[in-house]
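# Structural features, examined
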Amino acid sequence: MTLHTPKITGASGRPVIRQLDEAAINRIAAGEVVERPASAVKELVENALDAGAGRIQVDIADGGKTLIRVTDDGCGMGAEDLPLALSRHATSKIDGTDLLDIRSFGFRGEALPSLGAVGRLTITSRAEGEAAQIACEGSRITPVRPAALTRGTVVELRDLFFATPARLKFLRSDRAEMQAVTEVIRRLAMAEPQTSFTLRDVTGGEARTLFRADPANGDLFDALQSRLATVIGRDFTDNALRIDAERDGLCLQGYAALPTYSRGSSAQQYLFVNGRPVLDRMLYGALRAAYFDVLSRDRHPAAVLNLIADPKRVDVNVHPAKAEVRFREPDAARSLIITALKSALTGAGHRASSTVGAATLQAFRPVYQMDRPGQPALSRAYAFQSPQTLTGFAEAPQAPAFAPPREEEPQANEEHPLGAARAQLHENWIVAQTATGIVIVDQHAAHERLVYERLKRQMTDSGIRAQALLIPEIVDLSPTDTARLLDAAQALAGIGLAIEPFGGSAIAIRETPAILGPVNGEALLRDILDELADSGDSQLIQTKIDAILSRMACHGSVRSGRQMRPEEMNALLREMEATPLSGQCNHGRPTYVELSLHDIERLFGRR
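Let me sum up the structure you'll find in this document. Remember, predicted model here, so these are calculated numbers, not experimental data.

Glancing now at the packing of helix H2 (residues 37-50) against helix H4 (residues 111-118). Packing of H2 against H4 brings their axes to within 10 Å, and their N-to-C directions diverge by 140°. Compared by their axis directions, H2 and H4 come out oblique. Between H2 and H4 the crossing geometry is left-handed. Of the residues in H4, those in contact with Ala40, Glu43, Leu44 and Asn47 of H2 are Ala111, Leu112 and Leu115. Looking at the contact of H2 with H4, its residues break down into five nonpolar, one polar and one charged.

Within H4, eight of the eight residues are buried, leaving the element largely enclosed by the surrounding structure. All of the buried residues along H4 are Ala111, Leu112, Pro113, Ser114, Leu115, Gly116, Ala117 and Val118.

On to the pairing of strand S14 (residues 303-308). Across the six residues that make up S14, a large majority, five, are buried. Sheet analysis places strand S11 (residues 250-257) next to S14, joined by six bridges and oriented antiparallel. Bridge pairing in S14 places Leu252 opposite Leu307. When strand S12 (residues 269-273) meets S14, the two strands line up parallel, connected through five bridges. What sits directly across from Leu271, in S14, is Leu305.

This part takes up the packing of aromatic side chains. Tallying each qualifying case throughout the model produces two aromatic pairs. Positioned above the aromatic ring of Phe221 is the side chain of Arg242, whose terminal nitrogen or guanidinium carbon lies 3.8 Å from the ring centre. For Arg263, the ring lying beneath its charged end belongs to Tyr261, and the centroid distance is 4.0 Å.

What follows deals with the sheet that holds strand S23 (residues 592-596). Ordered in space as S17-S18-S19-S23, the four strands form an open sheet in which the pairing is antiparallel. Two strands in the sheet have a free side with no partner beyond their single neighbour: strand S17 (420-425) and S23. Sheet twist, expressed as the mean angle between neighbouring strand axes with direction ignored, is 20°. In the sheet, S17 pairs with strand S18 (residues 429-433) via five bridges, with the strands oriented antiparallel. Opposite Leu425, over in S18, you have Trp429 as the bridge partner. With respect to the sheet, helix H13 (residues 443-462) is in contact with S17, S18 and strand S19 (437-442), its orientation differing from that of S19 by roughly 70°. Here helix H18 (residues 566-578) sits on the sheet and contacts S17, S18, S19 and S23; the angle it forms with S17, its principal contact strand, is near 120°.

Looking now at the sheet that holds strand S13 (residues 276-278). Pairing within the open sheet is mixed, and its five strands lie in the order S10-S11-S14-S12-S13. A single partner strand is all that each edge strand has here, and the edge strands are strand S10 (240-247) and S13. Pairs of neighbouring strands in the sheet enclose a mean axial angle of 20°, with direction left out of account. Here S10 pairs with S11 via eight bridges, running antiparallel. What sits directly across from Leu241, in S11, is Ala256. Against the sheet, helix H6 (residues 174-191) touches S12, S13 and S14, its axis set at about 55° to S12.

This next bit is on the side chain of Thr71. Looking at the element boundaries, Thr71 is found in strand S2 (residues 67-72). Judged by its relative accessible area of 19%, Thr71 is buried. When near neighbours in sequence (up to four residues on either side) are disregarded, Thr71 contacts Arg55, Ile56, Gln57, Thr153 and Val154.

For helix H14 (residues 479-487), the full list of buried residues reads Asp481, Thr482 and Leu485. Buried residues in H14, looked at end-on, bunch into an arc of 100°, giving them a common side. What points out from H14, more than 90 degrees from its buried face, is the exposed set Pro479, Thr480 and Asp487.

Another aspect to go through is the nonpolar core. Val45, Ile56, Val58, Phe197 and Phe236 are the most contacted members of the largest nonpolar core, which totals 59 residues. No other element matches H6, which puts nine residues into this core. Excluding its chain neighbours within four sequence positions, the residues that come into contact with Val58 are Val41, Val45, Arg69, Val70, Ile185, Thr198, Leu199 and Arg200. Ile102, Leu258, Ala289 and Ala340 belong to the second-largest nonpolar core, a separate cluster that totals 40 residues.

Using the criterion set out here, one finds 26 salt bridges in the structure. Here Glu156 and Arg158 are joined by a salt bridge, their closest N and O atoms 3.0 Å apart. Of the charged contacts in the structure, one is a salt bridge between Arg208 and Asp201, with a shortest N-O distance of 3.3 Å.

With that settled, the discussion passes to unusual backbone geometry. The phi torsion at Asp62 lies on the positive side, around 55°, for a residue other than glycine. Considering the arrangement of structural elements, one finds Asp62 in the loop between strand S1 (55-61) and S2. For Asp62, a relative accessible area of 27% corresponds to the partly exposed category. At Asp248, a residue that is not glycine, the phi angle is positive and equals roughly 55°. Mapped onto the elements, Asp248 comes out in the loop between S10 and S11. Since its relative accessible area comes to 52%, Asp248 is described here as exposed.

This paragraph deals with the side chain of Arg187. Looking at the secondary structure, you find Arg187 in helix H6. The exposure class assigned to Arg187 is buried, which follows from its relative accessible area of 17%. Setting aside chain neighbours within four positions, we find Arg187 in contact with Gln269, Tyr270, Phe272, Pro277, Leu279 and Tyr284.

Now for the environment of Leu228. Structurally, Leu228 is set in helix H7 (residues 220-231). Counting along the chain gives 15 residues from Leu228 to Ala213, while the straight-line C-alpha distance between them is 9.7 Å. Not counting the four nearest positions on each side in its chain, Leu228 is found in contact with Met190, Gly233, Phe236, Thr237, Tyr255 and Val304.

Assignment of secondary structure puts Ala240 in strand S10. Distance in space between the C-alpha atoms of Ala240 and Ala256 is 5.1 Å, their sequence separation being 16 residues. The contact partners of Ala240, leaving out residues within four places of it in the chain, are Tyr255, Ala256, Ala257 and Arg351.

Attention now moves to the environment of Glu427. Here Glu427 is to be found in the loop between S17 and S18. Placed 15 residues apart in sequence, Glu427 and Asp442 show a C-alpha to C-alpha distance of 9.9 Å. Beyond its immediate sequence surroundings of up to four residues, Glu427 is in contact with Gln443, Ser560, Gly561, Arg562 and Gln563.

About the cut-offs
Residues numbered from 1 in each chain as written. Predicted model: local features only at pLDDT ≥ 70, side-chain atom pairs only at ≥ 80, totals over all residues. Heavy atoms only, no water. Axes fitted to C-alpha atoms, helices over the stretch in contact; angles between N-to-C directions. Helix = DSSP H or I, 4+ residues; strand = E, 2+ residues; numbered from the N terminus. Parallel < 35°, antiparallel > 145°, perpendicular 65-115°, else oblique. Left-handed = near helix turned anticlockwise from the far one by under 90°. Contact = heavy atoms within 4.5 Å. Nonpolar A, V, L, I, M, F, W, Y, C, P; charged D, E, K, R; others polar. Buried < 20%, exposed > 50% of the residue type's maximum accessible area, 1.4 Å probe, protein only. Pairing = 2+ DSSP bridges. Phe/Tyr/Trp six-rings, centres within 6.5 Å; stacked < 30°, edge-to-face > 60°. Lys NZ or Arg CZ within 6 Å of the ring centre and 35° of its normal. Arc of directions from axis to C-beta. Core = buried A, V, L, I, M, F, W, Y, C linked by side-chain atoms within 4.5 Å. Salt bridge = Lys/Arg side-chain N within 4 Å of Asp/Glu carboxyl O.

Printed below as a string of structure tokens:
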């Protein structure tokens, strides 16, 4: 490598350490805290929430580049507090004695001075008595002066990055920046369902509401469900399972969607720690692991989860934007998420997403479209079609439209959740009649899931059988990788992979899971290491075992094209009702579609 000449040198020609001025320090701090307009909005709205605001309004112009205004009805600040608010590391949220007992969004005291260093910042606030205002432009603070304000605080930031114009070149279009701001408000609105949020675009002087969430009422789960219906949509709340689990001093609350409500991306995954939105890789990996058995790799679960822990067990001071956290016991947090979600999914039984039925209805296309007749026209049509009494002719006996069922065919009860089988179409689809509509079942996908769950239960009951290698396979690894694998040796032995140290940094593979057959030991260990480095845990072997069981279930299930007797179809329906996760196949696709009578009548224009 070429050594470059130092750019900062003294008279002697060598680098000299200098103390930066306050303006340069604030601009450097702003580079860490304020990456884009959405970062500034996040800091200001979190300050409003920490102040106990019940109503927050955010006004944005030109994607936040020319104006960001946050208005709240929180506790406000007095005139004597405003100069301190613009001083670095001045905060009312901690006293500095314990940085591990943080119960607020902010705590560093860097946001306001950083924003004042790169933009034109004005703060108007009122606590008790008269309101006051202070301004800061490029780290130059003006004296406090009286102002007019009824309650709370108004923070106005204009011309973001005017003091550092090079940063403006890295911003995206106004539309993209506005979308980023909207996403920040959505996440914070989900974290605080009992607070009102309004986001407006005031570009050009005309206010246009982009997002609004009124305060939700009721207990925690009712308020959260109402807020999620506003932020994400009613489809999510209609197909989400309530999560409320506690273990080892950790609590997990929120909603997780059914597997058949899966998305094509992770856009509907929102995770919080003590109410703080986070983008933590370990937590997202745990969410993915909880669904790995019911979703294919190209599908993603939807969930809104809040992990509640003693603040002393979570370090939130590990990321400049506080987007990541560090747990004292990460394994406990990961285990709680996985077990709580798996328990909820299992408890859902055969339930499938209602959006599947809606998509089915949209797939139907009428052959022609006609205007709906008015009520007078309908009355005349009904009168014209009514039977007339004919004289001189005897009424001919009418043959029954359908033959009654034979005595030897038992009639299943339509009160069952999946109803009673009525027909089989194209030797692949079972049509069942329920008390409120019909159900269409994919016989192969349904039976494949049933066989798969049966094989998994048998595997759990008997354990994973390991096969000893005649000659142990020796794999040379780096000392770091060897230590990481040996730390996980006990967990790997539980699923049939026995490893032990073999001198230096080598590892000997003594046993492998018998169901996997011949394996490439070195490739297997390196894949496991990749997972351990990525998420701290490895589900690779279990995933491979489940994939084999899935293939076995596919070969052992009812094939498409096979005719089934009525009692076989009804037996399949009953077993689906009694088997967890039977609402989706091994790849996350639905095993049945349910259509209500109301929906069917709408298809035929009767409603």
